[in-house]
Amino acid sequence: MYCVIDIGSNTIRLVIFRQDAGILTPVLSSKTTAGLAGYVDKKNCLSREGIRRLISVLRKYRDVTAMLPDCPLYPFATASLRNIVNTDQVLETVWRETGLGIQVLSGYEEAMLDYRGAIRRASLQSGILADVGGGSTELVVFRDRTVLAAHSLPVGSLNLYSACVGDLIPKKKELREMREKVCAMMRSALPPVDGCLGQPLCGVGGTARAALALYQNLNKADGAAPAFYPRSFLDDVLAMAAGEPRKLMRRILKVAPERVHTLVPGILILQCAAEIYQSERIFTSPCGVREGYLSFMLEKEGISCD
């Protein structure tokens, strides 16, 4: 077995994987909503309180993994520690207090590991991948299973909410302002690629999974999760946010209560990506950066993974 700790801007997650016939399968997952992005001060430093919060969660997870002495541990961080100016200080403090050495992924590395984890066992041949995290969004354009472009945007569901939204559910004006900001950023960073327009969008990460759960709830799809759902559903959610915010809030509280404030901004980011790349269908991957990171690390050690 192998342990991964994924330190994100909104959540910190411990996942224990088992490898069978080269395939990595999660057998235990524990998530803590730490909200590290909320502890970043005006100087763009993670505050002392934020560092204490991070260390508290890591100690808890370290104690869990200590009960598995033969289970290697691979901690990594994404935008949570990548987008602050005191990264080195935080890493040194964490090492001193917990003995854990954290690898901080660059935006490009995160995007490529997202693709590695999400697409290797998916049936998609071409499309755009979007991983909406709390503090960043990774975009990957691929055709015939080959990456054409990859980019990380410094905007995610949590920091977009913090910057633009005054209540739990964004108002119509806030939705419009967020949409203009996100779409302009996407078009500038990763313009549409010829031959990839109209391909499915592969959603990765907690926002994408919560959006799928919301789709199932609103459409009373209690059985197996659909492989795809229409882009129009994302449009419908944003329209509901503008016209029936309390109804939408109650629905979100049923499927993803910890994301009641961040799901609508996250869905707006997914909707912008789908619109720019003219994706009419959304596929939600159960895998992503954790699987990609672990398989990459194991292959570096000579252990083959599917």
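Described in the following lines is the structure provided in the data block. (Residues numbered from 1 in each chain as written. Predicted model: local features only at pLDDT ≥ 70, side-chain atom pairs only at ≥ 80, totals over all residues. Heavy atoms only, no water.)

### Points about the layout of surface pockets
The probe, sized like a water molecule, is rolled over the atoms to show the empty space still left. Basically, it comes down to this: Points on a 1 Å grid, built from protein atoms alone, make a cavity when a 1.4 Å probe fits but cannot get out and make a pocket when they are open with protein on both sides within 12 Å along at least 5 of 7 lines; residues with an atom within 4 Å of a point are the lining residues. Grid points are joined across faces, edges and corners, and a volume is the space filled by probe spheres set on the points. A run of DSSP states H or I qualifies as a helix once it reaches four residues; a run of E qualifies as a strand once it reaches two. Both are numbered from the N-terminal end. Think of it as three bins: nonpolar holds Ala, Val, Leu, Ile, Met, Phe, Trp, Tyr, Cys and Pro, charged holds Asp, Glu, Lys and Arg, and polar takes everything else, Gly as well.
Taken as a whole, the largest pocket encloses approximately 480 Å³ of empty space. As for the largest pocket, its lining consists of 33 residues, of which D6, T11, G205, G206 and R290 are closest to the centre. With 4 residues, strand 2 (residues 11-20) is the single largest residue contributor to the lining of the largest pocket. Each residue belonging to the lining of the largest pocket can be placed in one class, and the counts come to 9 nonpolar, 15 polar and 9 charged.

### Quick look at the sheet that holds strand 8 (residues 146-153)
What links the strands of a sheet is backbone hydrogen bonding, and the strands pair in either a parallel or an antiparallel sense. Let me state the cut-off plainly: Think of it this way: DSSP has to see at least two bridges between two strands before they count as a pair. Every axis corresponds to a line fitted to the C-alpha atoms, with the helix fit spanning only the stretch in contact, and the corresponding angles, defined between N-to-C directions, vary from 0 to 180 degrees.
With respect to topology, 6 strands assemble into an open sheet ordered 8-7-6-9-11-10, the strand pairing being mixed. Edge positions in the open sheet fall to strand 8 and strand 10 (228-230), since each of these has one partner strand only. Here the average twist between neighbouring strands, direction ignored, is 25 degrees. Bridge count for strand 6 (residues 127-132) against strand 7 (residues 137-143) is 6 bridges, and the pairing is antiparallel. In the sheet register, V132 faces strand 7, and the bridge partner there is T137.

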